[in-house]
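Topology and contacts: notes
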Amino acid sequence: MPTLTVIKIGGNVIDDSAALKRFLTAFADLPGSKLLVHGGGKIATQVADKLGIQTTMVDGRRITDQPMLDVVTMVYGGLVNKQIVAKLQSLEVNAIGMTGADAGTVIAKKRPVKNIDYGMVGDIEEVNSGQIQFFLHQDLTPVFAPITYTKSGDLLNTNADTMASAIAVDMCRHNEVTLIYCFEKKGVLKDPTDDNSVISELTPALYAEYKTAGTINKGMIPKLDNAFNALQNGVSTVIICHADELTEAISQGAGTTLKK
């Protein structure tokens, strides 16, 4: 079975042009089929401010009303996505920029209102992995912005970690898949204030212990929930690492590797 590397790059790296360039250079050098899912960074908030649109965050997640959806679509699906694609082209990677709406690749439904109304935010229902595989067979490298669509034709803002996990799981129909989450930390940390306190291997039992103790908390929990979900649904390897250590994470065990 062919191999595929699915990589998610976090917004904090996108906000740092030098860090993004280093990451994309390493990404370009990876052998074999690969696919990139990127976050949004702070640019959407900056653009919204200039347009007089208020940004509301709850537990680190953006509340997406219709004006904010217009902004994130323009910024994530337009500016950020095309900047990444252009940089990859300069590195001789034939990248194609996409949202979930393009070629009907990622279908979602609007998140139901429970305690919080997140607005125009999508929960993924279906990934068209056959269509993504078609692009890979054309020697194209898909670069996904975190925007999905509904069957009735609406766009939805979607968590990029979740999107990467869902795509990786469905791509297991065609490939042996490695999923890598790259961000600004060296991996999952025992001590959030110590960048060198990396937990090299993490099992579900150990993850539960660290959560109970409060060692792993806040934004790391949904990231790890997505990562373990991928591992339990067919993805062969999941790694969480620093964007500068992508190559070392694959070849030398840098970062945190998840185990079943």
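Refer to the preceding data block for the structure.
Summary of the structure given here. (Residues numbered from 1 in each chain as written. Predicted model: local features only at pLDDT ≥ 70, side-chain atom pairs only at ≥ 80, totals over all residues. Heavy atoms only, no water.)

Comments concerning the overall build of the protein
Assigned secondary structure in the protein consists of nine helices and 14 strands. Relative to its length of 260 residues, the protein is compact, with a C-alpha radius of gyration of 17 Å against a globular reference of 18 Å. Its C-alpha atoms give the protein principal-axis dimensions of roughly 45 × 45 × 35 Å. Sorting the 260 residues of the protein into buried and exposed places 50% on the buried side. Considering only residue pairs separated by 6 or more positions, the protein has 68% of its internal contacts joining residues 24 or more positions apart. Summed over all atoms, the accessible surface of the protein reaches about 11,800 Å², with 49% contributed by carbon and sulfur. The positive charge centre, built from 24 side chains, and the negative charge centre, built from 28, are 2 Å apart in the protein. (Helix = DSSP H or I, 4+ residues; strand = E, 2+ residues; numbered from the N terminus. Rg over C-alpha atoms; globule rule 2.2 N^0.38 Å. Buried < 20%, exposed > 50% of the residue type's maximum accessible area, 1.4 Å probe, protein only. Contact = heavy atoms within 4.5 Å. Areas by Shrake-Rupley, 256 points an atom, 1.4 Å probe, with all protein chains shown as cover. Lys, Arg positive; Asp, Glu negative; His and termini not counted. Charge placed at Lys NZ, Arg CZ, Asp CG, Glu CD.)

Observations regarding the nonpolar core
Judged by nonpolar contacts, the single largest core of 43 residues is most densely connected at Ile7, Phe23, Leu36, Ile84, Cys182 and Leu246. Of all the secondary-structure elements, those providing two or more residues to this core are strand S1 (3-9), helix H1 (11-14), helix H2 (17-29), helix H3 (43-50), helix H4 (66-90), strand S11 (176-183), strand S13 (237-242) and helix H9 (246-252). In terms of residue count, the dominant contributor to this core is H4 (ten residues). With residues near it in sequence (within four places) discarded, Leu246 still touches Ile7, Phe23, Ala26, Phe27, Leu30, Ile180, Cys182 and Cys241. (Core = buried A, V, L, I, M, F, W, Y, C linked by side-chain atoms within 4.5 Å.)

Focus: the packing of helix H5 (residues 129-137) against helix H6 (residues 160-171)
Axis separation between H5 and H6 bottoms out at 9 Å; the angle between their running directions is 85°. With respect to each other, H5 and H6 are oriented roughly perpendicular. Within the contact between the two elements, H5 uses Ser129, Ile132, Gln133 and Leu136 and H6 uses Ile167, Asp170 and Met171. Here the residues of the contact of H5 with H6 are counted per class, giving four nonpolar, two polar and one charged. (Axes fitted to C-alpha atoms, helices over the stretch in contact; angles between N-to-C directions. Parallel < 35°, antiparallel > 145°, perpendicular 65-115°, else oblique. Nonpolar A, V, L, I, M, F, W, Y, C, P; charged D, E, K, R; others polar.)

Some words on the pattern of salt bridges
Overall, the coordinates contain seven salt bridges when judged by the stated rule. The partner of Arg111 in a salt bridge is Asp123, with the nearest N and O atoms 2.9 Å apart. Here Arg111, found in the loop between strand S6 (106-110) and strand S7 (122-127), pairs with Asp123, found in strand S7; they are twelve residues apart in sequence, far enough to count as distant. By relative accessible area, Arg111 is classed as buried at 18%. (Salt bridge = Lys/Arg side-chain N within 4 Å of Asp/Glu carboxyl O.)

A word on H2
With 13 residues, H2 should reach 18 Å at 1.5 Å per residue; the first-to-last C-alpha distance of 18 Å fits that figure. Regarding H2, the residues found buried are Ala19, Leu20, Phe23, Leu24, Ala26, Phe27 and Ala28. (Expected span 1.5 Å × (residues − 1).)

The values reported here are purely geometric and, on their own, carry no functional implication.
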